[in-house]
Amino acid sequence: MNIPSKKFYADSLAFLGLQGQPPVNRSQLSLAHITSVPPYVKDFDIVLRMHLVFQVRALSNAWVHGVYEKSDISKPDMGILFGLQHAPEDLTLARVRELASAGIRSMAIAYDGSTEYGDGFKGDGGLTPQGEKLIDWMCATGIILDLSHAGHATAREAIEYILRHRLPMMPMMSHSGCYELFPHPRNIPNDIIDSIGGPMNGYIGIPAITFLTMPQSKVQFWKTYFLQHVGVMSTVCHSAFNVGIGSDCNHIDMTMQEARLHFDNMSKMLATDGSFGEYFPDRPPEVIEQGSTMFEIFESALLHSFPSKMVEGFCGKNFKNFLLRSLPQT
């Protein structure tokens, strides 16, 4: 009797429980990039301590393993890539090495506001001299640069810096949509998409967060918008092989009431005050209620518009291949 192999699903920005909590249930995913420390925590010592505690708790599950180098990707069970959505303050090369040694494999320059390295999506300033140093240090230590939350000027200047200095670095945008389709400042204009997917051979993950990808009045048509973001991103990238899914969603089943409470709690915790353009439902209702199997929902929707081989890439293999290109080999 032939037993069908498990599909390779990979989420380039996942929450395997509630935000801030380690995995609690076995996921349908084969590979997940997760945030180990909340983005509002910026003190280096606290970030390092919180990450180490989170990592130990996450890896205490027998069905997961950490992904730190290329060879970890082919291991059985679910692989977890640990990342930070906000670079800690006062970083030095020694401190970045410490983060890498502790298991951090991706890091963003900024989350929303201005930092010593550059601006998040709320700012229009560019990459700072300290940000250039940070890119050098990340390149030297094998930490992937995630430009998802960077402001457009910061992202452009980071890309230009990497290309000008011919750094062996392939950045990603783990969860960003198309700005030309929906002009949320967290989304990325075509010239940045072209650079990431073209000469840099990087990776872009499409989020399923509603307020990043569509007007509130159109949530019932979320699949149409989701497919449009995937299609445009693939075209502008010049290659569908550089595009995947970075859902930014919780891989657990929730009632709409539970999801509303969680949305309110997250808004208070991040102190957004509406500045993210957030609204409820922040995720498609099907993704809220069937979060534990959301990739089957995505796959089904994608198969209506794309060939099966492309869909396999979008749903996991493209992110896997990006990590095989960009993770260290030791």
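Everything that follows concerns the structure shown earlier in this document.
Before going into details, it helps to say that this report is about the structure given with it. (Residues numbered from 1 in each chain as written. Predicted model: local features only at pLDDT ≥ 70, side-chain atom pairs only at ≥ 80, totals over all residues. Heavy atoms only, no water.)

## Focus: the pattern of salt bridges
This model, assessed by the stated rule, comprises 10 salt bridges. Note that D112 is salt-bridged to K122, the shortest N-O span being 3.4 Å. Linking D112 in the loop between β5 (104-108) and α3 (129-141) with K122 in the loop between β5 and α3, this pair joins segments that are 10 residues apart in sequence. Given a relative accessible area of 18%, D112 falls into the buried group. Linked by salt bridges that have partners in common, K309, E312 and K317 make up one network. (Salt bridge = Lys/Arg side-chain N within 4 Å of Asp/Glu carboxyl O. Helix = DSSP H or I, 4+ residues; strand = E, 2+ residues; numbered from the N terminus. Buried < 20%, exposed > 50% of the residue type's maximum accessible area, 1.4 Å probe, protein only.)

## Quick look at helix α10 (residues 294-302)
Counting buried positions along α10 yields 7 of 9 residues, so the element is predominantly enclosed. Residues of α10 that are buried include every one of M294, F295, I297, F298, E299, A301 and L302, and no others. Buried-residue contacts for α10 involve β1 (10-15), α7 (222-236), β9 (243-245), β10 (249-250), α9 (285-289) and α11 (308-326). (Contact = heavy atoms within 4.5 Å.)

## Description of α3
Helix length check: α3, at 13 residues, gives a terminal C-alpha distance of 19 Å against a target of 18 Å (1.5 Å per residue), a fit within 8%. Within α3, burial applies to G131, L134, I135, W137, M138 and T141. Down the axis of α3, the buried side of the element spans an arc of 165 degrees, and every buried residue falls inside it. Pointing more than 90 degrees away from the buried face of α3 are the exposed residues P129 and A140. Looking at the buried positions of α3, the neighbouring elements they touch are α2 (93-101), β5, β6 (144-146) and α4 (152-164). Two residues or fewer after α3 comes G142, characterised by a positive phi angle close to 80 degrees. (Expected span 1.5 Å × (residues − 1). Arc of directions from axis to C-beta.)

## Quick word on the state of the cysteines
Using the criterion set out here, one finds 0 disulfides in the structure. With no disulfide partner, C178 has as its closest neighbouring cysteine sulfur the one in C237, 8.3 Å distant. (Disulfide = S-S within 2.5 Å.)

## Thoughts on the pairing of β1
In the case of a regular strand, side chains alternate between the two sheet surfaces. Within β1, 6 of the 6 residues are buried, leaving the element largely enclosed by the surrounding structure. Across 3 bridges, β1 lies against strand β2 (residues 31-35) in parallel orientation. Residue pairing across strands places D11 opposite A32, the latter belonging to β2. Both β1 and β10 contribute to a ladder of 2 bridges, which runs parallel. Paired with A14 across the bridge in β10 is C249. (Pairing = 2+ DSSP bridges.)

## A short note on the side chain of S27
Mapped onto the elements of the fold, S27 is located in the loop between β1 and β2. Assessed through its relative accessible area of 10%, S27 is described here as buried. With near-sequence residues (within four places) excluded, S27 lies in contact with K6, L16, W63, M78 and H251.

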